[in-house]
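Geometric and topological summary
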Protein chains: 2
Amino acid sequence: MTGIRVGYIGLGLMGAPMARNLLKAGFSVVVHNRSRAIVDQLVAEGAQAATSPREVATQVDILCTNLPDSPDVETVILGKDGVVEGARPGLIVIDNSTIKPETARRIAADLTPKGIEMLDAPVSGGQIGAINGTLVFMVGGSTATFEKATPLFEAMGKSWTLVGESGAGQIAKAANQIMVAAQMSAMGELLVFAQKAGVDPFKVVEAIKGGAAQCWTLDTKPPRLKEGNRQPGFKARMQLKDLKIILETGETYGAPLPLSAITADLFRQMVEDQGEGELDNSAVLSVLERLARVRVGK
Amino acid sequence: MTGIRVGYIGLGLMGAPMARNLLKAGFSVVVHNRSRAIVDQLVAEGAQAATSPREVATQVDILCTNLPDSPDVETVILGKDGVVEGARPGLIVIDNSTIKPETARRIAADLTPKGIEMLDAPVSGGQIGAINGTLVFMVGGSTATFEKATPLFEAMGKSWTLVGESGAGQIAKAANQIMVAAQMSAMGELLVFAQKAGVDPFKVVEAIKGGAAQCWTLDTKPPRLKEGNRQPGFKARMQLKDLKIILETGETYGAPLPLSAITADLFRQMVEDQGEGELDNSAVLSVLERLARVRVGK
């Protein structure tokens, strides 16, 4: 259907549905993943399997990576049997992972002399967004590369914004997570606050959500918390990983982050001390519930 | 037009337009204010002047108060020449001020034996909302009193929610301000973070505002900051006052407030150290700009 041959490396909770949407859009898709089960599944749906990132790179025009953290992306792109070993000039690499902006910038700088074009393009929208093809892409890189990659964004997302040069997509994602972590933590604070003061926390949310406090977080999370549903959504351990990236990046660029230092500590307590990293990020209120000896919702 | 005689005490930036909307709705309105100019203005528009809160109370069925802080409300209602001295059983007092929930509860408890009904009904929506009659009322008190007061809420607001018993309206307002202060501070953090990392902060906002970070704050404030407009809106010194109420209330009820402790400190620095209490609460980013030696927007 389309002449662009695409690759997808990293078929996790996000990567697999994103690769599937590329297939559905008619692309010829070559996939690679460390564990094999999901590869077989996508091959059954029409993808071709490759045994290494290098082998993906030899067969495609544009490839996407979607990996847990900065070192994984470095290894897959620059390491042994990595993308760079199989790439020819003109290959476009789109990294959909959420990693350190400096790492994104360094990888792009390493690829440029080889004629490989790189976009950092982390996403917001969660697994639901990945499945439904309604992700929001925050992109860093050149305008020309961004335009060439647009057919892929169209297949996987609902919006894509070129924020700036390499790393700018990761900076935007970090900025997004500064706000999300603050809203999740503030929601936890206000729910526990109301409960301790003897007022129904969910009536409080009803009263305030139409005013200046309005946010996606208050619109979507309280009904689930009220029912005692703290399943992800977006896992707390991923929120913590992103907050660590934010704090390191703030250190690198000299940006003061007093609020994110606190939200990172709340998520650290939730994930590391309480062992609740697999729960939804909205469940960070459990740190405050423990201190206050209350339970909000069922 | 309506048989209910109403009073309004405290004709400040919020109180004056709220009293005006009661007049426009056809109520007979008796007003009182410490300084006289605004009283004369409202008299010219059809209100009657009273020389003390006591005198207002003798002439009306329902009266509203709208005063800067907790001690002002106590004095006006319970003090010498106060409301309580002129009140007869059945009088309804609606306090639209933002004050300590404990103070609201104590005043209500003092009035109950005298047959005076009290609602704490702080508002969200700012001066614009007061002028346009689109305020959001968060109400604490009895259902019967709430229902009797509804014609006044209709004249001044777009929504009114009975959150719970006395004090619950103030708890909801405090909860609202926990979230608003967190969003304003997080927005400041992410704007300064982007700028320090060499990325256009307002492009970042464009990229993230449609995702999980979406909030009224990100929807409305960045265009003003981009143009260098830091005029209120909602004054930073009022945000600080509200945060002090939140922290004291958390202390009273044993609610942990790690995030609000930080946002209160940011607003304290802005208001007390930098002398910027008359600016908009979104201008709290100036504390971070000073640390980072940058300016966001014009």
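Keep in mind it's a predicted model, so treat the numbers as computed, not measured.

This part is about the overall build of chain A. When you go through chain A residue by residue, the secondary structure sums to 15 helices and nine strands. At 20 Å, chain A has a C-alpha radius of gyration in line with the 19 Å of a compact globule built from 298 residues. Expressed as a percentage of its 298 residues, the buried residues of chain A come to 59%. Residue pairs in contact within chain A that sit at least 24 positions apart in sequence constitute 65% of those at least 6 positions apart. Of the charged side chains in chain A, 31 are positive and 32 negative, and the gap between their average positions amounts to 5 Å.

On the chain A side, the residues contacting the 60 residues of chain B number 60 residues. For the pairing of chain B and chain A, the buried interface totals around 4,900 Å² over both sides, and the portion due to carbon and sulfur atoms is 74%. For the interface between chain B and chain A, the tally reads zero salt bridges. Between chain B and chain A we count eleven residue pairs in polar contact (both at pLDDT 80 or more) in total. Ranked by the residues each element gives to the side of chain B that touches chain A, the list is headed by helix α9 (residues 168-196) of chain B, at 20 residues. Across the side of chain B that touches chain A, the residue classes tally to 41 nonpolar, 14 polar and five charged.

This paragraph deals with the relation of the copies chain B and chain A. For the pair of chain copies, the relating operation is a rotation around an axis with a shift along it. Each copy of the sequence occupies a distinct position, and chain B is placed on chain A by a rotation of 180° and an axial shift of 0.0 Å, giving an RMSD of 0.0 Å. The two molecules are tied by a two-fold rotation axis, judged by turn and shift. Considering only C-alpha atoms, the residue of chain B closest to the rotation axis is Cys215 of chain B, which sits at 1.9 Å.

This brings us to the state of the cysteines. Under the definition given, this model contains zero disulfides over all chains. Counting only cysteine sulfurs, Cys215 of chain B is the nearest neighbor of Cys215 of chain A, a cysteine outside any disulfide, at a range of 6.4 Å. With a relative accessible area of 0%, Cys215 of chain A lands in the buried category.

This part takes up the pairing of strand β9 (residues 157-164) of chain A. Here is the key point about a regular strand: its side chains alternate between the two faces of the sheet. Residue and element names in this part refer to chain A. One ladder, built from six bridges, connects strand β8 (residues 135-140) with β9; its direction is parallel. Residue pairing in the sheet places Leu135 in a bridge with Gly157 of β9. Handedness of the crossover is the feature at issue here: the chain leaves β8, passes through helix α8 (residues 143-156), returns alongside β9, and the resulting connection is right-handed.

Moving on, we get to the side chain of Thr65 of chain B. Residue and element names in this part refer to chain B. Structurally, Thr65 is set in strand β4 (residues 62-65). Residue classification places Thr65 among the buried residues on the basis of a relative accessible area of 0%. A distance of 2.7 Å separates a polar atom in the side chain of Thr65 from a polar atom in the side chain of Asp95.

Here we come to helix α6 (residues 101-111) of chain B. Buried within α6 of chain B are the following residues: Pro101, Glu102, Thr103, Ala104, Ile107, Ala108 and Leu111 of chain B. On its buried face, α6 of chain B is in contact with α4 (70-78), α5 (83-86), β5 (92-95), β6 (117-120), α9 and α13 (236-253) of chain B.

What follows is about the domain arrangement of chain A. All names here are of chain A. Its domain assignment divides chain A into domain 1 (5-165) and domain 2 (171-292). Spacing between the C-alpha centres of domain 1 and domain 2 amounts to 29 Å. When domain 1 packs against domain 2, close to 1,100 Å² is buried across both sides, 59% of that on carbon and sulfur atoms. Ranking the residues of domain 1 by area buried against domain 2 places Thr98, Pro101 and Glu102 at the top, with a combined share of 38%. Our count for the contact surface shared by domain 1 and domain 2 stands at one salt bridge.

Residues and elements named next belong to chain B. As for its position among the elements, Pro222 is in helix α12 (residues 222-226). As a C-alpha pair, Pro222 and Pro201 span 21 residues in sequence and 9.1 Å in three-dimensional space. If near-sequence neighbours (up to four positions away) are discounted, Pro222 is found in contact with Met187, Phe202, Val205 and Thr217.

A separate point is the pattern of salt bridges. Residue and element names in this part refer to chain A. For the structure on display, the rule yields 35 salt bridges over all chains. A salt bridge links Lys298 to Glu227, with the shortest nitrogen-to-oxygen separation between them at 3.0 Å. One end of the pair, Lys298, is in the segment after α15 (285-292); the other, Glu227, is in the loop between α12 (222-226) and α13 (236-253), with 71 residues separating them in the sequence. Of the residues examined, Lys298 reaches a relative accessible area of 62% and is grouped as exposed. Lys235 is paired through a salt bridge with Glu278; the nearest N and O atoms lie 2.9 Å apart. Residue Lys235 is found in the loop between α12 and α13, and its partner Glu278 is found in the loop between α14 (258-273) and α15; the two are separated by 43 residues along the sequence. A relative accessible area of 41% means that Glu278 is categorised as partly exposed. Each of Lys244, Asp265, Arg268, Glu272 and Asp273 takes part in a single network of salt bridges with overlapping partners.

Taken across its six residues, β8 of chain A has six buried, putting it largely inside the fold. Of the two faces of β8 of chain A, the one holding Leu135, Phe137 and Val139 of chain A and the one holding Val136, Met138 and Gly140 of chain A are both buried throughout.

Once that is clear, we can look at the packing of helix α6 (residues 101-111) of chain A against α13 of chain A. Residues and elements named next belong to chain A. Taken N-terminus to C-terminus, the directions of α6 and α13 make an angle of 70°; their axes are 9 Å apart at the nearest point. Considered as vectors, α6 and α13 are oriented roughly perpendicular to each other. Facing Pro101, Glu102 and Arg105 of α6, the residues of α13 in contact are Ile245, Thr249, Thr252 and Tyr253. Along the lines of polarity and charge, the residues of the contact of α6 with α13 split into three nonpolar, two polar and two charged.

Conventions we followed
Residues numbered from 1 in each chain as written. Chains lettered and ligands numbered in written order. Predicted model: local features only at pLDDT ≥ 70, side-chain atom pairs only at ≥ 80, totals over all residues. Heavy atoms only, no water. Helix = DSSP H or I, 4+ residues; strand = E, 2+ residues; numbered from the N terminus. Rg over C-alpha atoms; globule rule 2.2 N^0.38 Å. Buried < 20%, exposed > 50% of the residue type's maximum accessible area, 1.4 Å probe, protein only. Contact = heavy atoms within 4.5 Å. Lys, Arg positive; Asp, Glu negative; His and termini not counted. Charge placed at Lys NZ, Arg CZ, Asp CG, Glu CD. Buried area = accessible area lost by both parts, 1.4 Å probe. Salt bridge = Lys/Arg side-chain N within 4 Å of Asp/Glu carboxyl O. Polar contact = N/O pair within 3.5 Å; in protein donor to acceptor, adjacent residues only side chain to side chain. Nonpolar A, V, L, I, M, F, W, Y, C, P; charged D, E, K, R; others polar. Least-squares fit on C-alpha atoms with pLDDT ≥ 70 in both. Disulfide = S-S within 2.5 Å. Pairing = 2+ DSSP bridges. Right-handed = clockwise from strand over helix to strand, strands pointing away. Domains from an automatic or database assignment. Axes fitted to C-alpha atoms, helices over the stretch in contact; angles between N-to-C directions. Parallel < 35°, antiparallel > 145°, perpendicular 65-115°, else oblique.

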